[in-house]
Amino acid sequence: LTGGRNIANDYFDLSGHYNFLDSDLEISGPIAKTVLESFDVYWNSHLASEPVPDTAPDAGAAKFVLPDPSDAALIEKLRAAGEAYAQSHKAHECRDLGFVTDFPNHGEASRNVFNAIVEELGRARHEAVVESPYFVIKSGGYAVLEDLHKRGISVRVLTNSLASTDASYAVGALYPWLGSLAKTGLTLSAYGGKPLPGQSTDLGGGKPRWGVHSKRGVIDGDTTVLGTYNIDPRSANLNSELIVVCRGQKELAAEVLASIAAREGNSVTVIERGTIVQRSALLGESPLRQRIRFLLELPVANLFVFLL
């Protein structure tokens with residue numbers, strides 16, 4: 001199983017405050033052994049260490065792992081969701097499947113994923129459709145976008161607005177540079193913060209916001225890229241990321257494109273083919289308190305953008 005999903009309530013539509021719209025791939029076959037080997041590289045790395053055991057009893061932790069009668073309804077809900085998913089999705093055979101991972105070290109020599117994404121985009125002939133929860137572009141990213149523009153490749157990007165993000169500073173690092181992004185000719189949409197049509201909002205009486213969290217893209221309706229890589233300096237410089245690349249599988253690509261399009265239906269266009277059409281769409285329907293925080297974070301976010 002791979003994708004950008006973390007393990008917490010808000011990644012499984014269970015939070016009454018904020019939930020992520022994510023995506024995953026379940027992959028079987030010889031490549032699973034490769035993924036396992038990469039896990040072992042991290043597990044055995046000198047950068048990994050075991051936490052010191054806490055010898056003091058923790059009543060809260062003990063209670064957490066004991067069965068709770070109220071869990072039964074939730075377990076049944078999750079089981080039903082799993083069955084519905086299995087019936088609505090079909091398996092695809094990918095004959096050209098690749099797995100790319102960074103190494104558990106810092107520095108350019110460990111940055112395999114960024115280089116692999118650039119290589120895949122270099123093969124694009126017509127179109128690249130991208131979804132990333134954070135979209136913060138620096139010099140290397142601009143070079144890629146400018147190359148795509150020069151070659152006449154249509155680029156469409158979906159990211160979060162201030163109303164839908166869990167990291168307002170990431171929007172702060174994007175907002176001042178919309179003009180520069182527009183010069184690359186791309187189309188940029190910002191998610192509005194509401195659930196997808198038909199998605200359950202019965203979350204214990206809360207009124208949660210929703211944000212996109214998938215890290216995925218489709219090139220020429222033929223190649224699907226999905227994994228953990230955000231399009232931001234943190235993924236490029238600090239995090240250790242991984243992706244799966246499936247080439248020549250149009251049915252899978254169409255399924256991913258349809259999913260992205262459904263989310264674009266809950267979004268507003270900020271830049272349309274190189275023209276800023278609605279700068280305010282990047283702020284969305286965010287409350288006043290969040291906008292004030294955004295303005296305060298704006299200079300700091302751009303000063304320390306390499307950490308975002």
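Higher on the page you've got the structure.
Engineer: Where do I start with the overall build of the protein chain in this structure?
Structural biologist: Broken down by element type, the protein chain carries ten helices and 13 strands. For 308 residues, the compact-globule estimate of 2.2 N^0.38 gives 19 Å, and the protein chain sits close to it at 20 Å. C-alpha atoms of the protein chain, sized along the principal axes, occupy 60 × 50 × 40 Å. A fraction of 78% describes how many contacts in the protein chain between residues 6 or more apart in sequence connect residues 24 or more apart. As presented, the protein chain carries roughly 17300 Å² of accessible surface, and 58% of it is formed by carbon and sulfur atoms. If you average the places of the 29 positive and of the 36 negative side-chain charges in the protein chain, the two averages end up 7 Å apart.

Engineer: Mind showing me how you'd approach the state of the cysteines here?
Structural biologist: Any covalent bond linking the sulfur atoms of two cysteines counts as a disulfide. Scanning the entire structure with this criterion turns up one disulfide. Between the sulfur of C94 and that of C246 lies a disulfide, 2.3 Å long from S to S. Every disulfide takes its handedness from the sign of the S-S torsion; for C94 and C246 that torsion is 120°, giving right-handed. Here C94 is found in the loop between α3 (71-88) and β4 (96-101), whereas its partner C246 is found in strand β11 (residues 242-247), with 152 residues between them in sequence.

Engineer: When you look at the pattern of salt bridges in this model, what are you seeing that I'm missing?
Structural biologist: Opposite charge on two side chains allows them to pair when their charged atoms are near. Taken as a whole and judged by the stated rule, the model has 17 salt bridges. Note that E120 and R123 form a salt bridge whose closest N and O atoms lie 2.8 Å from each other. The exposure class assigned to E120 is buried, which follows from its relative accessible area of 7%. Taking the relative accessible area as the measure of exposure, R123 reaches 42% and is therefore partly exposed. When the shortest N-O distance is used, the salt bridge between D220 and R125 registers 3.9 Å. Linking D220 in the loop between β9 (216-219) and β10 (223-227) with R125 in the loop between α4 (112-122) and β5 (127-131), this pair joins segments that are 95 residues apart in sequence.

Engineer: Help me understand the packing of aromatic side chains in this model?
Structural biologist: Counted by the stated rule, this structure contains four aromatic pairs. Pairing Y11 with F20 gives two aromatic rings, centres 4.3 Å apart and planes at 10°, and the pair type is stacked. Residue Y11 shares its accessibility class with F20, and that shared class is buried. Measuring from ring centre to ring centre gives 5.7 Å for Y175 and F294, while their planes differ by 85°; the resulting arrangement is edge-to-face. Of the two residues, Y175 sits in the loop between α6 (168-174) and α7 (178-182) while F294 sits in helix α10 (residues 288-303), which places them 119 residues apart along the sequence. By the ring-pair criterion, three or more aromatic residues cluster together here, those being Y11, Y18 and F20. If you follow R5 out to its NZ or CZ, it ends over the ring of F12, 5.2 Å from the centre.

Engineer: Can you help me understand the nonpolar core in this one?
Structural biologist: Nonpolar side chains tend to gather and get buried jointly when the protein is soluble and globular. Membership of the largest hydrophobic core comes to 30 residues, with the highest contact counts inside it found for F135, L181, L186, L188, V270 and I271. Of all elements in the fold, only β5, α5 (139-150), β6 (154-160), α6, α7, β7 (187-191), β12 (267-272) and α10 reach the threshold of two or more residues within this core. Considering every element that reaches this core, the biggest residue donor is α5, with four residues. With near-sequence residues (within four places) excluded, I271 lies in contact with L178, L181, A182, L186, T187, L188, I276 and V277. One finds L196, V212, L226 and V256 within the second-largest nonpolar core, a separate group that totals 18 residues.

Engineer: Honestly, the side chain of S267 in this entry has me stumped. Any pointers?
Structural biologist: Among the secondary structure elements, S267 is positioned in strand β12. Polar contacts involving the side chain of S267 include one to the main-chain carbonyl oxygen of R263, which spans 2.8 Å. Those residues in contact with S267 that lie beyond four places of it in its chain are L158, S189, A190, Y191 and G192.

Engineer: Hey, could you run me through the pairing of β5 in this one?
Structural biologist: A regular strand carries its side chains on alternate faces of the sheet. Most of β5 is tucked away, with four of its five residues classed as buried. Taken together, the five bridges between β5 and β6 define a ladder with parallel strand orientation. Pairing of E127 across the sheet is with S154, part of β6. After leaving β5, the chain enters α5 and then returns to the sheet as β6, a path that is right-handed. Where β5 meets β9, four bridges bridge the pair, whose relative direction is antiparallel. Counted as the bridge partner of A128 is I219 from β9.

Engineer: Which parts of the structure should I look at to understand α10?
Structural biologist: Residues separated by three or four positions in an α-helix point in the same direction, a consequence of the helix having 3.6 residues per turn. With 16 residues, α10 should reach 22 Å at 1.5 Å per residue; the first-to-last C-alpha distance of 24 Å fits that figure. Maximum bend of α10: about 40°, positioned at E297, with proline P299 one to four residues after it. Looking at the buried side of α10, the elements it contacts are α6 and β8 (209-212).

Calculation notes
- Residues numbered from 1 in each chain as written.
- Predicted model: local features only at pLDDT ≥ 70, side-chain atom pairs only at ≥ 80, totals over all residues.
- Heavy atoms only, no water.
- Helix = DSSP H or I, 4+ residues; strand = E, 2+ residues; numbered from the N terminus.
- Rg over C-alpha atoms; globule rule 2.2 N^0.38 Å.
- Contact = heavy atoms within 4.5 Å.
- Areas by Shrake-Rupley, 256 points an atom, 1.4 Å probe, with all protein chains shown as cover.
- Lys, Arg positive; Asp, Glu negative; His and termini not counted.
- Charge placed at Lys NZ, Arg CZ, Asp CG, Glu CD.
- Disulfide = S-S within 2.5 Å.
- Salt bridge = Lys/Arg side-chain N within 4 Å of Asp/Glu carboxyl O.
- Buried < 20%, exposed > 50% of the residue type's maximum accessible area, 1.4 Å probe, protein only.
- Phe/Tyr/Trp six-rings, centres within 6.5 Å; stacked < 30°, edge-to-face > 60°.
- Lys NZ or Arg CZ within 6 Å of the ring centre and 35° of its normal.
- Core = buried A, V, L, I, M, F, W, Y, C linked by side-chain atoms within 4.5 Å.
- Polar contact = N/O pair within 3.5 Å; in protein donor to acceptor, adjacent residues only side chain to side chain.
- Pairing = 2+ DSSP bridges.
- Right-handed = clockwise from strand over helix to strand, strands pointing away.
- Expected span 1.5 Å × (residues − 1).
- Bend = angle between axes of the 7 residues up to and from the residue.

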